[in-house]
Amino acid sequence: MTDPTLLDRVTKDPGEAGEMRPRSVGARVRRLEDPRLLSGRARFTDDLEPRNCVHVAFRRSDHAHARILSVDVSEASAMPGVVAVCTAADLEGIVGPIRATSRMKDYFATSMHPLARDKVRYVGEPVVAVLAENRYLAEDALELINIEYDVLEPLVDPEAALADGAPLLHEEAPSNVIASRTFARGEIDAAMAEAEIRVSGRFRMRRKTPLAMENRACVAEWDAGRRALTLTSTTQIPGIVRDALAELLEMPGHSVRVVAPDVGGGFGGKGSLYGEEVALAALSRKLELPLKWTSDRLEDLISTSQGFDELVEAELGLTRDGAIMALNADVIGDIGAYSIYPWTGVMEPVQVVSFMPGPYRVPVYRGHVRAVSTCKAPTGPYRGVGRPISTFVMERLMDMAAERLGLDPVELRLRNLVRAEEFPYRVASGIVWDRSSFVESLEAACEAVDYAALRREQAVARAEGRLLGIGIATYAELTGIGSRISAAPGMPINTGTESATVRIDSTGAVTANFGIASHGQGLETTLAQVLADELGARLEDIRVLHGDSSLVAHGTGTYASRSAVLAGGAGTLSARAVKDKVLRVAAHLLEASVEDLVAHDGFVHVRGANRNVSFREIAKANYSDMGRLPKELREDLSSTKTYDPFFGTATAATHVAVVEVDPETYQVSLRRFLVAEDCGRIINPMIVDGQVHGAVAQGIGAALYEEVVYDATGQMVTASLADYVVPAAGEVPRIDIVHLEAELPSTVGGFRGMGEGGTIGAPAAIANALSDALSPFGVAVCDLPATPERIFRLIENAGKAKASA
Amino acid sequence: MKPAPFEYARPETVEEVLSILAEHGDEAKILAGGQSLVPLLNFRMLRPAILVDVNRVAALDFLEVDGDILRVGALTRHLSLELSDAVRTRLPVLRRAMEHVAHVAIRSRGTIGGSLSHADPAAELPMMARLLDARIHVRNSGGERVVDAADFFLAPLTTSLEPEDLVTEVRLSLPPQGSGWAFEEYAQRSGDFAFAAVSAVVEAPEGRIEDIRLAAMGVDETPVRLDAIEEELRGRVLDGRLVDGAVELARQSVNPNTDLKASAEHRRHLMGVLTRRVITQAVGRTGKAAA
């Protein structure tokens, strides 16, 4: 249900005092966290250096797949400056393996030991931890460790790992497939046979790494006196890590605190529980020492969770009029060596099939997915999760169908997008779309780029021998999902709620505690904006606290485009309850009735009278000045509320990419990029723009540059930023943005999540633009990233095919 | 990614540097800009016993025109070359090449002596050394010798330098005023190592090519001079057939590698495209004053 009070407030007659005040929500408020971040005064995990801190370095596996025969640490242990050298044996009995369980049928939960036991399953897996006076000495000692391995056959190609007789990565599992699932609606074979037009392809998106600017790090501090543990970590999910550590270490939650201080980006890579966090926590408690580990870029590249590694065979059937009849997709997801906690390795590939039908009417659908384990770093959530691939595949199929039908790609989309009157629309995979700007975003994007003029420009360019291409991608995603839907299939933890405590203290200042963990999103600003409006307080009177498991009873963090919706909702509900209390006190002090009061800028005013009282005076009267309030009116000016958006909401957008390819060198330049998006009510347009820019940049990376490459032996050959290339400022064009608000969703506040959309739409739009540009060669882009070598091969092979024809 | 332990010396004169190098031989490594060396140390791919930091050797930091020679001290930073008036007016091809050397932060540290000594086959300065017939002054405790760029680069990351040698100066020959020039590079991103690059300087005052120098990089074990093409073009007036012939020769005369980013076939293709562009542009620029 749309929350009536909030909507009323913006639409109400603005003639009344108070409602005239400029609202904070909707304003380009400068980010409150930026002064400290930009002036070097932020505090990141690596800035923490407890007294007598011991530094940890990990000896990691050099092999993709091997049995550990023996580990000899005697020489390393004897090295001056080394405090301890620990292996799996040292963790035996004090901490068990990490297992991501799920209620999903026939799912196999892998056991990941914080330090490898018996076997290693990917290059980079931690085997031994060296604890030394500093990181230099720790790394020196790593070289003195002798590990004897029995090298086993590596599993690198996911299709080969599926084959009968493939060696098992986890011997206790029935096969290398940790889960498979099928979504089906209607009779696919019959519908496909009936389709007048069929287009199909084999699509590949290559493995990416999230590549946050700040590498992963953690500091574990065991307080022996209080028998309590504090883990400071570069995590997006302090609450989940706290709950997991409490369970793994068999400690009560009040004695485990997980703090995420300033965190320099995550993109999903800091959204899972890591063996290093568990190892440091367990060893800090065991040895009663403060331990610190800061990964370097090499460790980050080989061991942070990766994403987007799927092979998709898909077919789309349509009528001659261009109406979609059926979609059939087979997905193989390469999840790497372990099923990551808490999401499982199944989340990403399952999302590919869940979202494959996209924002279109697809009456008959079959989507089959298999999640396969291989000898690579585990995959985990990465900005966009599954939808960059599903959108890439579906949008390529739409363009291929448009070409076959002789229809403009925009026209074909308009014929198939779910229309306004059809919402709520139930997707064949079970997802329900609430109303969002499906058609509107496509129309707005076309208008903003002047699509007809662009096509004319393209015709002129082609006549001159230039390769200009236009690509469109329209997609929808679920954001701010509540408890109705699990963030990952069958996951036993609740990610559908968030709590907030809003409190006015005895000085009149507002503190708001949240369970989310902002790590670049500017949530300290946007949540303060929401609270300022709800309370009638000034932004500077509000401090937003987050990233600390001790702030709320339960909270899971910042991921899945949820924080504005869930924390914004919880904060709104708490703030309203607090404001009710504030007004009751103010009514007494001002000798007015509550109905006549309005609050803004930290004051409560009597409507139509020149009387007011500040939050500060209200707090003083309530807490400190005995006698100003009757006893029964005194109460704690605080409230804790939990918000559950239950279904969540759909966010939709259309991306347009214009590329030009040099007809001789085949170098790709991105000439234009435009996003028309609907994220509901916008809290801060500047922050929304920033999220779009950053996510589109990552989508450009997925489309053209970024690829984690493992060779045939399972060695990662892109383990430095010279080899793993990301778009830098020079490779990202200006990004134009059109904001739409077709109809506000039923979330508290009317917000939709929007942090991931750029990554979802950009790869598809660029792949379509490239295919359009290269159409004179008769080639189509089905394998991303479309690196220079892939484009060269496509064109050369087409030329050879033509020559031999 | 912390380096293995090493000793550190920071001499202030060339003589001190040479004596430390003489003492430690191949156990020593010279630290100049550190843009290639420091990552190699941090990956522990290099483990010198002693680092000889030459950044305080003021005598190695100079840049001056001496007749038709540009004298460049070994410690001259890439950015100094890029921003130098002499380079802008007399060697626009070098200025353009410098813009392709990584990014500003790296160019403000990297040095010409370091780049030549490191000898990456896809680095711009070694290629410019070949194009501009550099004479590389090398000293050791035994004395000084001058090595032609043609004899300096032996293989990827391998030069004719001995462990106790120090590059002190690089002399580049300045083309006559009014010479044409061109530099074309293909890299995946701006600032990346090139898949291929080709450069030229040409004298063709009346449309007839009197002299031409052509060099390429990224397409062979070392940067190369395209002597055979120069030979073909010298004394001729450029026409389509001549260019086609040069392009074909360029494609055949190099031996590119296949690596993670590009196949040999791809680099050979680029070699042809870039050669065509460079020859055409360079001849077209003949007689025009530098920007």
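All of the points below concern the structure found in this document. Remember, it's a predicted structure, so these values are computed and weren't measured experimentally. (Residues numbered from 1 in each chain as written. Chains lettered and ligands numbered in written order. Predicted model: local features only at pLDDT ≥ 70, side-chain atom pairs only at ≥ 80, totals over all residues. Heavy atoms only, no water.)

Let us now look at the packing of aromatic side chains. According to the stated counting rule, one finds 13 aromatic pairs over all chains in the structure shown. Centre to centre, the rings of tryptophan 433 of chain A and phenylalanine 438 of chain A are 5.9 Å apart; their planes meet at 80 degrees, and the pair counts as edge-to-face. In this structure tryptophan 433 of chain A comes out as buried when scored by relative accessible area, which is 1%. Between phenylalanine 646 of chain A and phenylalanine 647 of chain A, the aromatic rings sit 5.2 Å apart at their centres with planes inclined by 75 degrees, giving edge-to-face as the arrangement. Judged by its relative accessible area of 40%, phenylalanine 646 of chain A is partly exposed. Taken together through their ring pairs, the aromatic side chains of Phe355, Phe423, Trp433 and Phe438 of chain A make up a single cluster. The ring centre of tyrosine 274 of chain A lies 3.6 Å from the NZ or CZ of arginine 216 of chain A, which sits over that ring. A cation over an aromatic ring shows up here: arginine 267 of chain B above the ring of phenylalanine 195 of chain B, its NZ or CZ 5.6 Å from the ring centre. (Phe/Tyr/Trp six-rings, centres within 6.5 Å; stacked < 30°, edge-to-face > 60°. Buried < 20%, exposed > 50% of the residue type's maximum accessible area, 1.4 Å probe, protein only. Lys NZ or Arg CZ within 6 Å of the ring centre and 35° of its normal.)

Residue and element names in this part refer to chain A. The omega torsion across tyrosine 341 and proline 342 is 0 degrees, close enough to zero to call that bond cis. With respect to the secondary-structure elements, proline 342 resides in the loop between strand E14 (324-336) and helix H11 (347-355). The omega torsion across leucine 784 and proline 785 is 0 degrees, close enough to zero to call that bond cis. Structurally, proline 785 can be placed in the loop between strand E29 (783-784) and helix H21 (788-804). (Helix = DSSP H or I, 4+ residues; strand = E, 2+ residues; numbered from the N terminus.)

Residue and element names in this part refer to chain A. Where helix H12 (residues 387-405) contacts helix H13 (residues 409-416), the axes come no closer than 9 Å and their chain directions differ by 110 degrees. Relative to H13, H12 is oriented roughly perpendicular. Crossing of H12 against H13: the hand is right-handed. Only Pro409, Leu412, Arg413 and Asn416 of H13 make contact with H12, whose side of the interface consists of Glu395, Met398, Asp399, Ala401, Ala402 and Leu405. Here the contact of H12 with H13 is built from residues that sort into six nonpolar, one polar and three charged. (Axes fitted to C-alpha atoms, helices over the stretch in contact; angles between N-to-C directions. Parallel < 35°, antiparallel > 145°, perpendicular 65-115°, else oblique. Left-handed = near helix turned anticlockwise from the far one by under 90°. Contact = heavy atoms within 4.5 Å. Nonpolar A, V, L, I, M, F, W, Y, C, P; charged D, E, K, R; others polar.)

Residues and elements named next belong to chain A. Here the structure, examined in full by the defined rule, presents 90 salt bridges over all chains. In this structure, the salt-bridge partner of arginine 59 is aspartate 62, at a minimum N-O distance of 3.9 Å. Given a relative accessible area of 38%, aspartate 62 falls into the partly exposed group. Close ionic contact of lysine 376 with aspartate 334 constitutes a salt bridge, the shortest N to O distance being 2.5 Å. Pair noted here: lysine 376 is in the loop between strand E15 (364-373) and H12 and aspartate 334 is in strand E14, with a separation of 42 residues, a long-range link. There is no split in this pair, since lysine 376 and aspartate 334 are both buried. One network of salt bridges, with partners in common, ties together Arg60, Arg135, Glu139, Arg216, Glu276, Asp296 and Glu299. (Salt bridge = Lys/Arg side-chain N within 4 Å of Asp/Glu carboxyl O.)

We now examine the packing of helix H11 (residues 240-253) of chain B against helix H12 (residues 264-285) of chain B. All names here are of chain B. Two numbers describe how H11 lies on H12: the axes approach to 8 Å, and their chain directions differ by 145 degrees. Considering how the two elements wind past one another, H11 and H12 form a crossing that is right-handed. Contacts between H11 and H12 pair Val243, Asp244, Ala246, Val247, Ala250, Arg251 and Gln252 from the former with Arg268, His269, Met271, Gly272, Thr275, Arg276 and Ile279 from the latter. Classifying every residue of the contact of H11 with H12 gives six nonpolar, four polar and four charged.

The next thing to look at is the environment of arginine 681 of chain A. Residues and elements named next belong to chain A. Considering the arrangement of structural elements, one finds arginine 681 in the loop between strand E27 (668-678) and helix H19 (685-705). You can call arginine 681 buried: its relative accessible area is 11%. At a separation of 2.9 Å, a polar atom in the side chain of arginine 681 contacts the main-chain carbonyl oxygen of glycine 749. (Polar contact = N/O pair within 3.5 Å; in protein donor to acceptor, adjacent residues only side chain to side chain.)

All names here are of chain A. For the structure shown, the criterion picks out zero disulfides over all chains. The thiol of cysteine 86 is unpaired, and the distance to the nearest cysteine sulfur, on cysteine 218, comes to 14 Å. In this structure cysteine 86 comes out as buried when scored by relative accessible area, which is 4%. (Disulfide = S-S within 2.5 Å.)

Our focus in this paragraph is the sheet that holds strand E2 (residues 66-72) of chain A. Residue and element names in this part refer to chain A. The strand order E4-E2-E6 describes an open sheet built from three strands, whose pairing is antiparallel. Single-partner strands in this sheet number two, and they are strand E4 (119-120) and strand E6 (146-151). Here E2 pairs with E4 via two bridges, running antiparallel. The partner of arginine 67 across the bridge, within E4, is lysine 119. (Pairing = 2+ DSSP bridges.)

These figures capture arrangement, not role.
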